[in-house]
Amino acid sequence: MKLRAVLTTIVLGMGVYAAQASEPVIIRFSHVVAPNTPKGKAADYFKRLAEERTNGRVKVEVYPNSQLYKDREEMEALQLGAVQMLAPSLSKFGPLGVRQFELFDLPYIFPNKETLYRVMDGDIGRRLFALLEPKGIIGLAFWDNGFKQMSANRPLRKVEDFKGLKMRIQSSKVLEAQMKALGANPQVMAFSEVYSALQQGVVDGTENPMSNLYTQKMHEVQKHLTLSDHGYLGYAVIVNKKFWEGLPADLRATLEKAMQDATAYERDIAQKENDDALAAVRRAGTTEIHILPNEERRKWWQVLLPVHKEFEDKIGRDFIQAAYAVAAQVEKEGKAR
Ligand code: LMR
């Protein structure tokens, strides 16, 4: 009797195992940008690598363009486990209670990409990811986009040109302070709503790297664009901690390697995507493109730099100083790229 019971248990158990083994693990990866952007392309590339290398044991469903969730909703969905993977911009972590990520929003904090990558991949990046764990989130990688440009329906050359303009920003206190320092009126808004808000005049202008501006067709509703490179936009690829830690160890290791390779690919294409987008906006002819003369650039810099000091408490003086130190080291080595 006893033996039969044991055998039955084993057979039933194997049945359950067989059912589990044949069902792929599903990773729902939600994001807010178009598929033909650095983030969009890298999400699709990660999907390909993950599915190929796990021989179909993992299926990655990528949902671009805020199809599933808008900015704020997607963070909640990740914590609840409704999606497993996101790549929000580094400006969108404040509402989670980790304002330190707004380090990346400080105007002119990264003089070049080499400094940026060293900050992301070094001690600062590791410490930022550690802040996510108590929120039930694991940080897997930092992805790049690029430096931001300003757009509006009036030319933005002098600081005074911003006066009274309603400028759309992401949900970041640093970006709010940045726009205020310029004399503009910042309005937090989800990315998916920006095009129609610009079209209807709910806001007058915005900031983003070229790849986002072009793929959302914002140039069709913005007459002027200033190549200002005044700030940076990048991403953290994050996963639900419980889900990630519940994966079989071999699968998790394969996915981590796939993410590493997708990250190298992402950083490789980001600059070119932005260069191509700028060329496409030029060709479209809807938007006058302004180069900031050095003298004006210096004035923007003077007005915006005090934002660093203003946020020492919220971001952490040590983080800001550490970023300066990395920039100085890169300069010393002559490795600016
Ligand atoms: C934005 O909201 O402007 C960007 O964060 C969108 C994105 O994810 O690149």
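Coordinates for the structure precede this section.
Residues numbered from 1 in each chain as written. Predicted model: local features only at pLDDT ≥ 70, side-chain atom pairs only at ≥ 80, totals over all residues. Heavy atoms only, no water.

## Points about the site of the ligand
Reasoning step 1: In the region of the ligand, the neighbouring residues are Val32, Val33, Lys39, Ser89, Lys92, Arg168, Gln170, Phe191, Asn208, Asn212, Leu233 and Tyr235.
Reasoning step 2: Measuring from an oxygen atom of the ligand, one finds a side-chain N or O atom of Lys39 at 2.7 Å.
Reasoning step 3: Between Asn208 and the ligand, the recorded distance is 2.9 Å, taken from a side-chain N or O atom to an oxygen atom.
Reasoning step 4: Within the complex, 100% of the 270 Å² of free accessible area of the ligand lies under protein.
Reasoning step 5: In the shell around the ligand, the residues fall into five nonpolar, four polar and three charged. (Near = heavy atom within 4 Å. Polar contact = N/O pair within 3.5 Å; in protein donor to acceptor, adjacent residues only side chain to side chain. Areas by Shrake-Rupley, 256 points an atom, 1.4 Å probe, with all protein chains shown as cover. Nonpolar A, V, L, I, M, F, W, Y, C, P; charged D, E, K, R; others polar.)

## Notes on helix α3 (residues 71–80)
Reasoning step 1: Here α3 has its buried residues at Asp71, Glu74, Met75, Ala77 and Leu78. The arc that holds the buried residues of α3, viewed along the axis, is 165°, so those residues lie on one side. Facing away from the buried surface of α3 by more than 90 degrees, the exposed residues are Arg72 and Leu80.
Reasoning step 2: Looking one or two places after α3, you find Gly81, whose phi comes out positive at around 85°. (Buried < 20%, exposed > 50% of the residue type's maximum accessible area, 1.4 Å probe, protein only. Helix = DSSP H or I, 4+ residues; strand = E, 2+ residues; numbered from the N terminus. Arc of directions from axis to C-beta.)

## Concerning the pairing of strand β7 (residues 185–188)
Reasoning step 1: Here four bridges tie strand β6 (residues 166–169) to β7, and the two strands are oriented parallel to one another. Paired with Lys166 across the bridge in β7 is Asn185.
Reasoning step 2: Chirality of the crossover, the property in question, places the unit of β6, helix α6 (residues 173–181) and β7 among those that are right-handed. (Pairing = 2+ DSSP bridges. Right-handed = clockwise from strand over helix to strand, strands pointing away.)

## Digging into the pattern of salt bridges
Reasoning step 1: Across all of its chains, the model carries 27 salt bridges by this definition.
Reasoning step 2: Taking the shortest distance from any N to any O, the salt bridge between Arg118 and Glu114 comes out at 2.8 Å. Here Arg118 and its partner Glu114 are both found in helix α4 (residues 113–121), four residues apart, which amounts to about one turn of the helix.
Reasoning step 3: Accessibility expressed as a relative area gives 11% for Glu114, which makes it buried.
Reasoning step 4: Across the pair Asp123 and Arg127 runs a salt bridge, and its minimum N-O distance is 3.6 Å. Highlighted residues: Asp123 and Arg127, both in helix α5 (residues 123–132), separated by four residues, approximately one helical turn.
Reasoning step 5: Among the residues examined, Asp123 registers a relative accessible area of 45% and is labelled partly exposed.
Reasoning step 6: The network of salt bridges with common partners includes Glu114, Arg118, Glu333 and Lys335. (Salt bridge = Lys/Arg side-chain N within 4 Å of Asp/Glu carboxyl O.)

## A short note on the packing of aromatic side chains
Reasoning step 1: One pass over the full model with this rule turns up nine aromatic pairs.
Reasoning step 2: With a centroid separation of 6.0 Å and an interplanar angle of 35°, the aromatic rings of Phe104 and Phe142 are classed as tilted. With Phe104 in the loop between β3 (85–86) and α4 and Phe142 in strand β4 (residues 137–147), the pair connects residues that are 38 residues apart, well separated along the chain.
Reasoning step 3: Using a relative accessible area of 3% as the deciding quantity, one classes Phe142 as buried.
Reasoning step 4: Measuring from centroid to centroid gives 5.2 Å for Phe162 and Trp300, while their planes differ by 80°, and the two rings are edge-to-face. Of this pair, Phe162 sits in the loop between β5 (149–152) and β6 while Trp300 sits in helix α11 (residues 294–304), and the two are 138 residues apart along the sequence. Of the two residues, Phe162 and Trp300, both sit in the buried class.
Reasoning step 5: Three or more aromatic residues link up through ring pairs in this structure, and these residues are Phe104, Phe110, Phe129, Phe142, Phe147 and Tyr232. (Phe/Tyr/Trp six-rings, centres within 6.5 Å; stacked < 30°, edge-to-face > 60°.)

## A word on the nonpolar core
Reasoning step 1: Of all hydrophobic cores here, the largest spans 40 residues; its most connected members are Leu103 and Phe104.
Reasoning step 2: Elements with a minimum of two residues in this core: α3, α4, α5, β4, α6, β10 (232–240) and α14 (317–333).
Reasoning step 3: In terms of residues, this core owes the most to one element, α14, which gives five residues.
Reasoning step 4: Excluding residues within four positions of it along the chain, Leu103 makes contact with Ile109, Val119, Ile124, Ile315, Phe319, Ile320 and Ala323.
Reasoning step 5: Ranked by size, the runner-up nonpolar core spans 27 residues in total, among them Leu49, Ala50, Ala141 and Leu251. (Core = buried A, V, L, I, M, F, W, Y, C linked by side-chain atoms within 4.5 Å. Contact = heavy atoms within 4.5 Å.)

## Digging into the environment of Ser89
Reasoning step 1: You can see Ser89 is positioned in the loop between β3 and α4.
Reasoning step 2: In this structure, Ser89 is in contact with Gln170, Leu233, Gly234 and Tyr235, ignoring residues within four places of it in sequence.

## Let's talk about the pairing of strand β1 (residues 25–30)
Reasoning step 1: Where β1 lies against strand β2 (residues 58–63), six bridges are found, and the strand directions are parallel. Counted as the bridge partner of Phe29 is Val62 from β2.
Reasoning step 2: As paired strands, β1 and β3 are joined by two bridges and run parallel to one another. In the strand pairing of β3, Ser30 is matched with Leu86.

This is a description of form; function is not addressed.
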